[in-house]
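# Residue-level structural notes
One letter stands for each residue in the lines below.
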Amino acid sequence: MTVDQPTDGFATRALHAGQDPEAVTGAVIPPIFQTSTFAQPRVGEHLGYEYARTGNPTRTALEECVAALEGAAHGVAFASGMAATDTLLRRLAPGDHLYLGNDAYGGTYRIISNVYGGHGVQHTAVDLTQPEALAADWNPATKLVWIETPTNPLLTVFDIAKIAEITHANGAKLVVDNTFASPYLQNPLALGADAVVHSTTKYLGGHSDTVGGFVATNDDEWAADLRYLQNAVGAVPGPFDCFLALRGVKTLAVRMDRHCENAARIVELLVGHEAVREVLYPGLPGHPGHEIAQHQMRGYGGMVSFRLRGGVDVAMKVAAETRLFTLAESLGGVESLIEHPGVMTHASVAGSDLEVPDDLIRLSVGLEDADDLVADLRDVLDRVG
Ligand SMILES: *Cc1c(COP(=O)(O)O)cnc(C)c1O
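The structure reproduced in this document is the subject of the present report. This one's a predicted model, so the numbers in the text were calculated from it and none came from an experiment.

Turning our attention to the overall build of the protein chain. For the protein chain, the count of helices and strands is 13 helices and twelve strands. In terms of overall size, the protein chain behaves like a compact globule, its C-alpha atoms giving a radius of gyration of 21 Å where 385 residues would be expected to give roughly 21 Å. Taking the principal axes of its C-alpha atoms as reference, the protein chain extends roughly 70 × 50 × 35 Å. Per-residue burial over the protein chain gives 55% buried out of 385 residues. Only carbon and sulfur atoms are counted for the fraction: they give 51% of the accessible area of the protein chain, which is about 15900 Å². Seen as two clouds, the 26 positive and the 48 negative side-chain charges of the protein chain have centres 3 Å apart.

Next comes the structure, spelled out in structure tokens:
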């Protein structure tokens, strides 16, 4: 029995894709197959699984489900977002070149510049809000263009369809890190991207209790390569982590709706507060990427960044003194988090083209009562701003 249909809506796919009741016992939830190996009936024959690095049924359920949410033919799960990123970057050989948006997750910049840079892979960070600049600058050694949108932590929006067009016209492939939007708000493959990468640690898992990564693609050849590397290199998620990610995905639609609603309330407070110099949120009509976001996203998400008039000292105080917003790295969980990107998540981009302002604060707006979140932030801004 296959319960899910490709025509099902998002919430239905999140609950059923890859998650048929288990064949032997009828377990409604895909069990945690905590085993390293699988008995084989005869030499050279097996029941679909041999060794758990190569494949595990709990992982298969997660792979089929998230692939369905991205409208992808193939999904490959990894032990972390960085492991997924690394596996995509293995497409690049010494002498190859990659374009990177000029705002990205610090760890993505670090692996590109330090790890792959050390192996002779060149990169250029470009302002992709002007996609024509990419066409004009094009380096013929380019094999990949890598973007996040909205970006971490500046919430810049890039036009996926336009960048895909320029990338493909030049014979390269486009990767979109869709961690901030989640598949509920944005599906990059439908807009022309060749591969989508997620840190499932964030919105997909959604409860700050597991680390994981994911790649979704419709490119059969690249998928075969990723699957080969998943096994050959071995950065696989364990069955319990797959279970947690899959459990999180079940409520992604309702969580994202509330993340968006609560973020809009926080943005309203920040825009009206005199301590705040600038609010960065794609849902604001004045945001430079607002129109693009309206077309390519189904909502503006739960991430909000803002800059303080009082500069870095005030930013540090705001980050340290909220009651409900917990001072911590990461994002996308049910609880609200606050952080100072310059010192915390983005320390690795200091001094580079991707350096972030030191008066910047990033919020991951959670699912607490919006009134409580607004009051918490207002109190701190009134006091230290
Ligand atoms: C967290 C994050 C990553 C890295 O994922 P891990 O699961 O921490 O390895 C990559 N991209 C973005 C946008 C992230 O926020």
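So, on to the pairing of strand β5 (residues 173-177). Burial analysis of β5 places four of its five residues in the buried class, which makes it a mostly covered element. The pairing of β5 with strand β6 (residues 195-199) spans three bridges and is classified as parallel. Looking at β6, one finds that Val176 is bridged to Val196.

The relative placement of two aromatic rings is captured by the distance of their centres and the angle of their planes. Here the structure, examined in full by the defined rule, presents five aromatic pairs. Here the aromatic rings of Phe38 and Tyr49 are separated by 5.5 Å at their centres, their planes lie at 40°, and the arrangement is tilted. With Phe38 in the loop between α1 (10-16) and α2 (57-69) and Tyr49 in the loop between α1 and α2, the pair connects residues that are eleven residues apart, well separated along the chain. Centroid distance Tyr99 to Trp138: 5.4 Å. Interplanar angle 45°. Geometry classified as tilted. Taken together, the residues Tyr99 in strand β2 (residues 97-101) and Trp138 in the loop between α5 (131-137) and β4 (142-148) connect sequence positions 39 residues apart. The class for Trp138 is buried, based on a relative accessible area of 14%. Arg91 extends its terminal NZ or CZ atom over the ring of Trp222, reaching a point 4.4 Å from the ring centre. For Lys202, the ring lying beneath its charged end belongs to Tyr105, and the centroid distance is 5.2 Å.

Attention shifts here to the packing of helix α10 (residues 252-271) against helix α13 (residues 370-384). Taken N-terminus to C-terminus, the directions of α10 and α13 make an angle of 25°; their axes are 9 Å apart at the nearest point. Accordingly, the angle class assigned to the pair α10 and α13 is roughly parallel. The crossing of α10 and α13 is right-handed. Counting all contacts with α10, which are made through Asn262, Arg265, Ile266, Leu269 and Leu270, the residues of α13 involved are Ala370, Asp371, Leu373, Val374, Leu377, Arg378 and Leu381. Grouping the constituent residues of the contact of α10 with α13 by class yields eight nonpolar, one polar and three charged.

Let's shift gears to empty space enclosed by the protein. Evaluation of the coordinates by the stated rule reveals two cavities of 30 Å³ or more. If you add up the space inside the largest cavity, you get close to 50 Å³. Along the walls of the largest cavity sit Leu62, Ala77, Phe78, Thr200, Thr210, Val211, Gly212, Gly213, Pro237, Asp241, Cys242 and Ala245, which together make up its complete lining. The element best represented in the lining of the largest cavity is helix α9 (residues 239-249), accounting for three residues. Grouping the amino acids of the lining of the largest cavity by side-chain chemistry returns seven nonpolar, four polar and one charged. One number sums up the size of the second largest cavity: a volume of about 40 Å³. Looking at the second largest cavity, the residues that line it are Pro150, Leu155, Phe180, Met297, Tyr300, Gly301, Gly302 and Met303.

A few words now on the site of the ligand. Neighbouring the ligand are 13 residues; Met82, Asp177, Ser199, Thr201 and Lys202 lie closest to it. Contacts to the ligand include Asp177, whose side-chain N or O atom sits 2.6 Å from a nitrogen atom. Contact with the protein chains removes 91% of the 380 Å² of surface that the ligand exposes when unbound. Its atoms largely coinciding with the cavity grid, the ligand occupies the largest pocket. Partitioning the shell around the ligand into residue classes produces three nonpolar, seven polar and three charged.

What counts and what doesn't
Residues numbered from 1 in each chain as written. Predicted model: local features only at pLDDT ≥ 70, side-chain atom pairs only at ≥ 80, totals over all residues. Heavy atoms only, no water. Helix = DSSP H or I, 4+ residues; strand = E, 2+ residues; numbered from the N terminus. Rg over C-alpha atoms; globule rule 2.2 N^0.38 Å. Buried < 20%, exposed > 50% of the residue type's maximum accessible area, 1.4 Å probe, protein only. Areas by Shrake-Rupley, 256 points an atom, 1.4 Å probe, with all protein chains shown as cover. Lys, Arg positive; Asp, Glu negative; His and termini not counted. Charge placed at Lys NZ, Arg CZ, Asp CG, Glu CD. Pairing = 2+ DSSP bridges. Phe/Tyr/Trp six-rings, centres within 6.5 Å; stacked < 30°, edge-to-face > 60°. Lys NZ or Arg CZ within 6 Å of the ring centre and 35° of its normal. Axes fitted to C-alpha atoms, helices over the stretch in contact; angles between N-to-C directions. Parallel < 35°, antiparallel > 145°, perpendicular 65-115°, else oblique. Left-handed = near helix turned anticlockwise from the far one by under 90°. Contact = heavy atoms within 4.5 Å. Nonpolar A, V, L, I, M, F, W, Y, C, P; charged D, E, K, R; others polar. 1 Å grid on protein atoms, 1.4 Å probe; cavity = no way out; pocket = protein on both sides within 12 Å on 5 of 7 lines; lining within 4 Å. Points joined across faces, edges and corners; volume = space filled by probe spheres on them. Near = heavy atom within 4 Å. Polar contact = N/O pair within 3.5 Å; in protein donor to acceptor, adjacent residues only side chain to side chain. Sits in = over half its atoms within 2 Å of the grid points.

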